[in-house]
Amino acid sequence: MAIPVVRLVKSLRYALKDMQGIKYSDYELVESINQAASLLYGRLSERYVYAAQKKAVLNIPSTGYAPLPNDFVRIHQIVGDDGELIPTTKLPAVEGTYRIINDTIYATPAMYSLEYYYVPNRVRDLGDNLDVPLSMEAYIQQISLAMFGNNPALAEQIVQQCSQTLAVRELSHFTDAGPVQVLGGKI
Amino acid sequence: MTPAQMVAMVRRFISDEQATGFSTGGNMEQPEGTQELLTYLDRAVDDYSKRQAALGDVRLLKTITGSSGTMLPPDFLMLCGTVPVSVEGRVLRYYDDEGTMPYMPVRYFARLPYVTDYGDTQNIPYQRDQEMSICALAAIYALNKHEFNVSQDLMLLGYGAVNNANAEQ
């Protein structure tokens, strides 16, 4: 799922009271959406929030290396037929290990399942879609507004709030945590 | 309204329906009479457009989708918001980091077309309020030529008082 940029721009214009586009151009708003998305996803991956994860199939050819996806920020895990690979410092990587240098991953030739933290690609104009789950829309809007208003402190505050909300998003079976909560469980 | 009708309205504003003050005729070489009034109308179009653009009148908005090297349109007044282009002389240059087409359209405030761009019987696409303001402004220019005091007329149009030439700065 992705959010249409035109919808974000519409809500930003509404909040900025500039529906006619007299004061601010579309470009300015699209730029602040890009800033918001990269700030939010940078922070989410720093804090290991699973909501910022993506999965891809990685094919390492016989050369022993392959380019990483272009929205790659940091690795979560890479799994082959024989289980999870562990990082190594040696090249060429031996069976069961991998190494990442810049935007290239080295491992023994095979198909792997790569789970990684991503940052959404930049959007360019109103026809594009921002590669972010729909549930993030309100956060992206608020962070964009804060960035547009040149208020990075407020933006960070909203990012923090968003990280907390999303931190346990993928976990089910949380029952009533009771009046005191320790690491999401009951005392 | 046609240019002839615009001139007639200016004449009504300056009480010159009989064309005694500004005679009929005249040409660009000898700008007097009707030709002179047309010049005042064009000047009024200029001033009115700039003023309305500064106030953010959406009726003056236009869009260009050009590329680097595109000439600014002749009716260009100013850009609307911050857009990723720079203007050198009258040539547009895009800051195009990704290098892909199409370029994002650029919105700008455009000057209204000049009265003299139209033939005598052609309809000028002004709205009624624009016709009135432009004619009133042109009438002020015409009255000013005869050194009437037009400061009150300007104030009525919302143009503020004209400084007395001898006033202390």
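Being a predicted model, the structure only gives us computed values, none of them experimental.

Further remarks concern the overall build of chain A. The number of helices and strands found in chain A is 4 helices and 10 strands. Along chain A, helices and strands appear, N-terminal first, in the series β-α-α-β-β-β-β-β-β-β-β-β-α-α. Counting only C-alpha atoms, chain A reaches 60 × 50 × 25 Å along its principal axes. Within chain A, the proportion of its 187 residues that are buried is 37%. In chain A, of all internal contacts separated by at least 6 residues, the share reaching a separation of at least 24 is 70%. Element-wise, carbon and sulfur atoms account for 54% of the exposed surface of chain A, whose accessible area totals about 10600 Å².

Residues and elements named next belong to chain A. With respect to topology, 4 strands assemble into an open sheet ordered β2-β9-β4-β5, the strand pairing being antiparallel. Lying at the two open borders of the sheet, with one neighbouring strand each, are β2 (53-60) and β5 (83-84). Of the strand pairs in this sheet, β2 and strand β9 (residues 110-118) are connected by 8 bridges, and their pairing is antiparallel. Following the sheet pairing, Gln53 is matched in β9 by Tyr117.

Okay, the pattern of salt bridges next. Residues and elements named next belong to chain B. Under the criterion given, the structure shown has 15 salt bridges over all chains. The salt bridge involving Asp16 is made with Arg11; its shortest N-O contact spans 3.0 Å. For the pair shown, Asp16 and Arg11 are each scored as buried. Among the salt bridges present, the one from Glu88 reaches Arg93, with a minimum N-O distance of 3.6 Å. A residue is classified by how much of its surface remains accessible, and Glu88, at 51% relative accessible area, is exposed.

This part takes up the nonpolar core. Membership of the largest hydrophobic core comes to 47 residues, with the highest contact counts inside it found for Leu40(A), Ile78(A), Met136(A), Ile140(A) and Ile143(A). Examining the composition of this core, we find that 9 residues originate from one element, helix α2 (residues 26-46) of chain A, more than from any other. Residue assignment places this core across two domains, with domain 1 (3-49 + 119-168) and domain 2 (51-118) of chain A each supplying three or more. Look past the residues within four positions of Met136(A) in its chain and what remains in contact with it is Ile3(A), Leu40(A), Tyr41(A), Leu44(A), Ala51(A), Cys162(A) and Leu166(A). In terms of nonpolar packing, the next biggest core, distinct from the first, is built from 34 residues, Leu38(B), Phe109(B), Ile134(B) and Ala138(B) among them.

The next point concerns the interface of chain B and chain A. Taken together, the contacts link 16 residues of chain B with 12 residues of chain A. Here chain B meets chain A over a buried area of about 1100 Å², counting both sides, of which 53% is carbon and sulfur. Summed over the shared surface of chain B and chain A, the result is 0 salt bridges. Our count for the chain B to chain A interface comes out at 4 residue pairs in polar contact (both at pLDDT 80 or more). Tallied by class, the residues present in the side of chain B that touches chain A amount to 8 nonpolar, 4 polar and 4 charged.

Turning our eyes to something else, we now look at α2(A). Under the 1.5 Å per step criterion, the end-to-end length of α2(A) is 30 Å for 21 residues, consistent within 8% with the ideal 30 Å. Immediately downstream of α2(A), the backbone of Tyr48(A) shows phi near 55°, a positive value.

Residue and element names in this part refer to chain A. The strand order β3-β8-β7-β6 describes an open sheet built from 4 strands, whose pairing is mixed. Of all the strands in the sheet, just β3 (65-67) and β6 (86-87) have a single pairing partner and so form its edges. As paired elements, β3 and strand β8 (residues 104-107) share 3 bridges and run antiparallel to each other. From the neighbouring strand, Tyr65 faces β8, where its bridge partner is Tyr106.

We now examine the side chain of Asp57(B). Residues and elements named next belong to chain B. Structurally, Asp57 can be placed in the loop between α2 (34-54) and β1 (61-64). Classification of Asp57 by relative accessible area gives buried; the value is 11%. Reaching out from Asp57, the side chain makes a polar contact with the backbone nitrogen of Arg59 at a distance of 2.9 Å. Excluding residues within four positions of it along the chain, Asp57 makes contact with Gln52 and Phe109.

Definitions and cut-offs
- Residues numbered from 1 in each chain as written.
- Chains lettered and ligands numbered in written order.
- Predicted model: local features only at pLDDT ≥ 70, side-chain atom pairs only at ≥ 80, totals over all residues.
- Heavy atoms only, no water.
- Helix = DSSP H or I, 4+ residues; strand = E, 2+ residues; numbered from the N terminus.
- Buried < 20%, exposed > 50% of the residue type's maximum accessible area, 1.4 Å probe, protein only.
- Contact = heavy atoms within 4.5 Å.
- Areas by Shrake-Rupley, 256 points an atom, 1.4 Å probe, with all protein chains shown as cover.
- Pairing = 2+ DSSP bridges.
- Salt bridge = Lys/Arg side-chain N within 4 Å of Asp/Glu carboxyl O.
- Core = buried A, V, L, I, M, F, W, Y, C linked by side-chain atoms within 4.5 Å.
- Domains from an automatic or database assignment.
- Buried area = accessible area lost by both parts, 1.4 Å probe.
- Polar contact = N/O pair within 3.5 Å; in protein donor to acceptor, adjacent residues only side chain to side chain.
- Nonpolar A, V, L, I, M, F, W, Y, C, P; charged D, E, K, R; others polar.
- Expected span 1.5 Å × (residues − 1).

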